[in-house]
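The lines below spell out each chain.
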Amino acid sequence: MNKCPNCGRKLSPFYFKQCCPGCKANLLYFDMSAQLEKDKARAEHEFSAVSRLLNGIKISTIGCVWGVFRIIAEILQICLLFIPVYYMNSSEAVGSLSALSLIKAVINPPGGMSAGSFITEYVLNSRALLLAVAAFILVILFAVICALGQLFSYTKNGKRRNFCVSAVQTAVFLALSIAAAANGAILAGGFYAEIALMVVSLVVIFPLDKAIKKHACAESAKPAAQAQAAAPK
């Protein structure tokens, strides 16, 4: 430091002694208590921010029955891909189309062809199959996005963000499936189950948001209640 914090005396840049030559104040530990209080306040603020983040994530997911229900619905959307979602009349390689049958066809293509040849000759040449595969990818992608977005459902725009993502997921999956059906695919039971789960996941956003707001009100009322309880009677 260039001057003494106690008396203001200018110090040489090469002055390395612990005490000020004028007032003898300890330069190293001067006003240490105030600095410690600042550090304490900063640490408490950072801890409070982390605590709010963790509590918000908890109430958005496992801390609320609606959060758990929505997570299960997102997981089931991926699981339902392993039962027949479409039937492909135009494809000799894939009859009932599910994630499992598609994986098997890629690993063990018909006629001894390679996986690349199967994708080129069957998937890319069949508009219905291509649209169905795109729908599968969409379900997996949006299920992951919805799960990640739900972590921050407690934020200001959490409800709107979750609703928009789920609505887009449902609309695009429905559009791709209708397009696949228009090109020769037949909608199977897995398709209707997927749509039902997507609608459920969409509707659950509203009670989830209500539960989050109720929890936030309860948390904000805690300090006042604690202060009232600690006040002398």
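Residues numbered from 1 in each chain as written. Predicted model: local features only at pLDDT ≥ 70, side-chain atom pairs only at ≥ 80, totals over all residues. Heavy atoms only, no water.

Turning to the overall build of the chain, a few remarks are in order. Secondary structure assignment for the chain yields eight helices and three strands. The order of α-helices and β-strands along the chain, N terminus first, is α-α-β-β-α-α-α-α-β-α-α. For the chain, the proportion of its 233 residues judged to be buried stands at 31%. Sequence-distant contacts, at least 24 apart, represent 60% of the contacts inside the chain between residues at least 6 apart. Looking at the chain as shown, the accessible area adds up to about 14300 Å², and 67% of this sits on carbon and sulfur atoms. (Helix = DSSP H or I, 4+ residues; strand = E, 2+ residues; numbered from the N terminus. Buried < 20%, exposed > 50% of the residue type's maximum accessible area, 1.4 Å probe, protein only. Contact = heavy atoms within 4.5 Å. Areas by Shrake-Rupley, 256 points an atom, 1.4 Å probe, with all protein chains shown as cover.)

Of the volumes computed, that of the largest pocket is approximately 290 Å³. Lining the largest pocket we find Phe 47, Ser 48, Ser 51, Arg 52, Asn 55, Gly 56, Ile 59, Tyr 154, Ile 212, His 215, Ala 216 and Glu 219. Contributing elements (two or more residues each) for the lining of the largest pocket: α1 (32-60) and α8 (205-230). For the lining of the largest pocket, the element with the most residues is α1, which contributes seven residues. Here the lining of the largest pocket is composed, by residue class, of five nonpolar, five polar and two charged. (1 Å grid on protein atoms, 1.4 Å probe; cavity = no way out; pocket = protein on both sides within 12 Å on 5 of 7 lines; lining within 4 Å. Points joined across faces, edges and corners; volume = space filled by probe spheres on them. Nonpolar A, V, L, I, M, F, W, Y, C, P; charged D, E, K, R; others polar.)

Axis separation between helix α2 (residues 65-79) and helix α5 (residues 127-150) bottoms out at 9 Å; the angle between their running directions is 165°. The pairing of α2 with α5 is recorded here as roughly antiparallel in orientation. For the element pair α2 and α5, the recorded crossing hand is left-handed. Packed against α2, whose contacting residues are Gly 67, Arg 70, Ile 71, Glu 74, Gln 77 and Ile 78, the element α5 presents Val 139, Ile 140, Ala 143, Cys 146 and Gln 150 at the interface. Each residue belonging to the contact of α2 with α5 can be placed in one class, and the counts come to six nonpolar, three polar and two charged. (Axes fitted to C-alpha atoms, helices over the stretch in contact; angles between N-to-C directions. Parallel < 35°, antiparallel > 145°, perpendicular 65-115°, else oblique. Left-handed = near helix turned anticlockwise from the far one by under 90°.)

By the element assignment, Ile 137 lies in helix α5. The class of Ile 137 is exposed, set by a relative accessible area of 53%.

In sheet architecture, strand pairing relies on hydrogen bonds along the backbone and comes in two forms, parallel and antiparallel. The strand order β2-β1-β3 describes an open sheet built from three strands, whose pairing is antiparallel. A strand with exactly one partner marks an edge of an open sheet, and here the two such strands are β2 (96-97) and β3 (185-187). Relative to β3, strand β1 (residues 86-88) runs antiparallel, the two sharing three bridges. Bridge pairing links Tyr 87 to Ile 186 in β3. Relative to β3, helix α6 (residues 158-182) is tilted by about 130°, and along the sheet it contacts β1 and β3. (Pairing = 2+ DSSP bridges.)

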